[in-house]
Amino acid sequence: MPVLQCPIDGCNWKSQDLDEAFAAALTTALQIHDRTVHPPLAQPSTHKLKLDPPSIATGCDPDQWSAFTRQWKMYKTGMAITDNVLPTALFYCCDTNLRTDIMRDLQGDVASMLETDLLKAIKRLAVKEESTLVQRIKLNRMTQSPGSNIRTFLASLRGQASLCQYKATCKELGCNHIFDYSDEIIKDNLVRGIADPEIMSDLLGDSKTDRTLEETVSFIAQKEQGKVTRSAVGDSASAMSATCNTQKRPQAAGAKCWRACGGPAHGQRNDRKARSRYCEAWTFTCAKCTVKGHYTKSCSKCTTCGVLATVMHLLESASR
């Protein structure tokens, strides 16, 4: 008589002696149940992204190295790099000169190294080590670049401050708590390095003096946005004002600009200054006398003798 056993590893369950026909039917039913109700778990598909590899070169500072290591972690995950080719992929993230230095420094097979060991070797050759004091001096000299917004400046300050070790350990007996006061230092340097003196004056003169770092950044960002908006509105208003001034030309009642455009006179005197500003014919070149400043229809020069018709008319009037 057949005896059925549980197919799960580690389970010692066994059935009693069963009739062969019943055991066969029961086995078939259990197999159907297992396939329909408990299908095998699908293996998660690894979707590989198309990413540009990060790069590192000789002479970088600790901030650049920190950025490289973070980018490398994202790159190897996104590209689904397997462990057997991981050292090779990391090696070719280095530029040509750094790869040459690594090959000279490491006489063994780079492709078979552990990732952590290769990272240490790259850091030893690529990173230019500087003391914490030098990093703090660099932080204190940072200023906002003209044209950049305050949040870009904040990102630069955060990156530099991460190298300055602005941390302190509690001095109470039995307490090993570490205080991180980077935000206060960043806020001080942020305010000191503001490029716009008007925004700095508004911030220093504001009644609220206990803002946090994020509140200070938000205040400055609002001021920057306000200045950008005001500048855009001001340019539009200036353009509209100029258009209105061009359209509203001063005109003298009943008088005409007879010697230039033939239209209404440009002001009481209709002199050169007024015509240069308002007369449409000021830049027009006459086809009859080739003189600029009047339309051809308003030209008073005689085509036969070349004498101004106005002068001849005055002479004739005087002789009468």
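- The name that an unreviewed UniProt entry assigns to the chain is CCHC-type domain-containing protein, with the source organism given as Mytilus edulis.

Observations concerning the overall build of the chain
Now for step 1: Of regular secondary structure, the chain possesses twelve helices and two strands.
Now for step 2: Listed by position from the N terminus, the elements making up the chain come as α-α-α-α-α-α-α-β-β-α-α-α-α-α.
Now for step 3: Per-residue burial for the chain yields a buried fraction of 27% across its 320 residues.
Now for step 4: Considering only contacts within the chain whose residues lie at least 6 apart along the sequence, 45% involve residues at least 24 apart.
Now for step 5: For the chain, the exposed surface amounts to about 22500 Å²; the carbon and sulfur share of it is 55%.

Focus: the state of the cysteines
Now for step 1: Evaluation of the coordinates by the stated rule reveals zero disulfides.
Now for step 2: With no disulfide partner, Cys-60 has as its closest neighbouring cysteine sulfur the one in Cys-94, 9.7 Å distant.
Now for step 3: For Cys-60, a relative accessible area of 6% puts it in the buried group.

Quick look at the environment of Arg-141
Now for step 1: In this structure, Arg-141 sits in the loop between α6 (132–140) and α7 (150–161).
Now for step 2: On the accessibility criterion, Arg-141 (67% relative accessible area) is exposed.
Now for step 3: For the pair Arg-141 and Gly-193, spaced 52 residues apart in sequence, the C-alpha separation works out to 8.3 Å.

Some thoughts on the side chain of Thr-216
Now for step 1: Of note, Thr-216 is situated in helix α10 (residues 213–247).
Now for step 2: In this structure Thr-216 comes out as buried when scored by relative accessible area, which is 4%.

Some thoughts on the confidence of the model for the chain
Now for step 1: Per-residue confidence for the chain gives a mean pLDDT of 80; residues scoring 70 or more make up 76%.
Now for step 2: Scored below 50 in pLDDT, residues 309–317 makes six contacts in the model with residues more than four places away or belonging to other chains.

Thoughts on the packing of α6 against α7
Now for step 1: Closest axis-to-axis distance for the α6/α7 pair is 9 Å, and the angle between their directions is 165 degrees. When the interaxial angle is binned, α6 and α7 end up roughly antiparallel. The hand of the α6/α7 crossing is left-handed. Of the residues in α7, those in contact with Gln-135, Lys-138 and Leu-139 of α6 are Leu-157, Gln-160 and Ala-161.
Now for step 2: By residue class, the composition of the contact of α6 with α7 is three nonpolar, two polar and one charged.

Description of the pattern of salt bridges
Now for step 1: Following the criterion strictly, the structure yields eleven salt bridges and no others.
Now for step 2: Two residues, Lys-76 and Glu-115, come together in a salt bridge whose shortest N-O distance is 2.7 Å. Taken together, the positions of Lys-76 in helix α2 (residues 62–78) and Glu-115 in helix α5 (residues 115–126) put the pair 39 residues apart, joining distant regions of the chain.
Now for step 3: The exposure class of Lys-76 is partly exposed, given its relative accessible area of 22%.
Now for step 4: The closest approach of N and O atoms between Lys-227 and Glu-198, which form a salt bridge, is 3.3 Å. Within this pair, whereas Lys-227 is found in helix α10, its partner Glu-198 is found in helix α9 (residues 197–205), the two being separated by 29 residues in sequence.
Now for step 5: Among the residues examined, Glu-198 registers a relative accessible area of 38% and is labelled partly exposed.
Now for step 6: Taken together, the salt bridges that share partners define one network made up of Asp-196, Glu-198 and Lys-227.

Brief notes about the environment of Leu-51
Now for step 1: Relative to the assigned elements, Leu-51 resides in the loop between α1 (20–37) and α2.
Now for step 2: By relative accessible area, Leu-51 is classed as partly exposed at 34%.
Now for step 3: The spatial distance from the C-alpha of Leu-51 to the C-alpha of Gly-78 is 7.4 Å, given a sequence separation of 27 residues.
Now for step 4: If sequence neighbours within four positions are ignored, Leu-51 has contacts with Met-74, Tyr-75, Gly-78 and Met-79.

Remarks on unusual backbone geometry
Now for step 1: Positive phi is not limited to glycine here, since Ala-80 has a value of about 55 degrees.
Now for step 2: Relative to the helices and strands, Ala-80 is located in the loop between α2 and α3 (86–91).
Now for step 3: For Gln-165, which is not glycine, the phi torsion reads 55 degrees and is therefore positive.

Reading the values: rules and limits
- Chains are numbered independently. Their residues run from 1 in the order of the written sequence.
- Reporting of local features is limited, given that this is a predicted model, to residues whose pLDDT is at least 70; pairs of side-chain atoms are given and counted only at 80 or more, and all residues count toward the totals for whole chains, interfaces and linings.
- The basis for the side-chain values is all heavy atoms of the structure; hydrogens and waters are excluded.
- In this text, helices come from DSSP runs of H or I with a minimum length of four residues, and strands from runs of E with a minimum of two, each type numbered from the N-terminal end.
- Any residue under 20% of the maximum accessible area for its type is buried, any over 50% is exposed, and the rest in between are partly exposed; the area is computed with a 1.4 Å probe on protein chains only.
- By definition, residues are in contact when any of their heavy atoms lie within 4.5 Å.
- Note that accessible areas follow from Shrake-Rupley with a 1.4 Å probe, and for residues the cover is restricted to the protein chains shown.
- To count as a disulfide, a pair of cysteine sulfur atoms needs to be within 2.5 Å.
- Across the chain, each position has a pLDDT score giving the predictor's confidence in that residue, from 0 to 100.
- In this description, a line fitted to the C-alpha atoms serves as the axis of each element, helices being fitted only across the stretch in contact, and the angle between N-to-C directions of two axes falls anywhere from 0 to 180 degrees.
- Every angle not falling under 35 degrees, over 145, or within 65 to 115 is termed oblique; those three ranges are roughly parallel, roughly antiparallel and roughly perpendicular.
- Rotating anticlockwise by less than a right angle from the far helix to the near helix defines a left-handed crossing, while the corresponding clockwise rotation defines a right-handed one.
- All amino acids are sorted into three groups, where Ala, Val, Leu, Ile, Met, Phe, Trp, Tyr, Cys and Pro are nonpolar, Asp, Glu, Lys and Arg are charged, and the leftover types, Gly among them, are polar.
- Each salt bridge in this description consists of a side-chain nitrogen of Lys or Arg and a carboxyl oxygen of Asp or Glu lying within 4 Å of one another.

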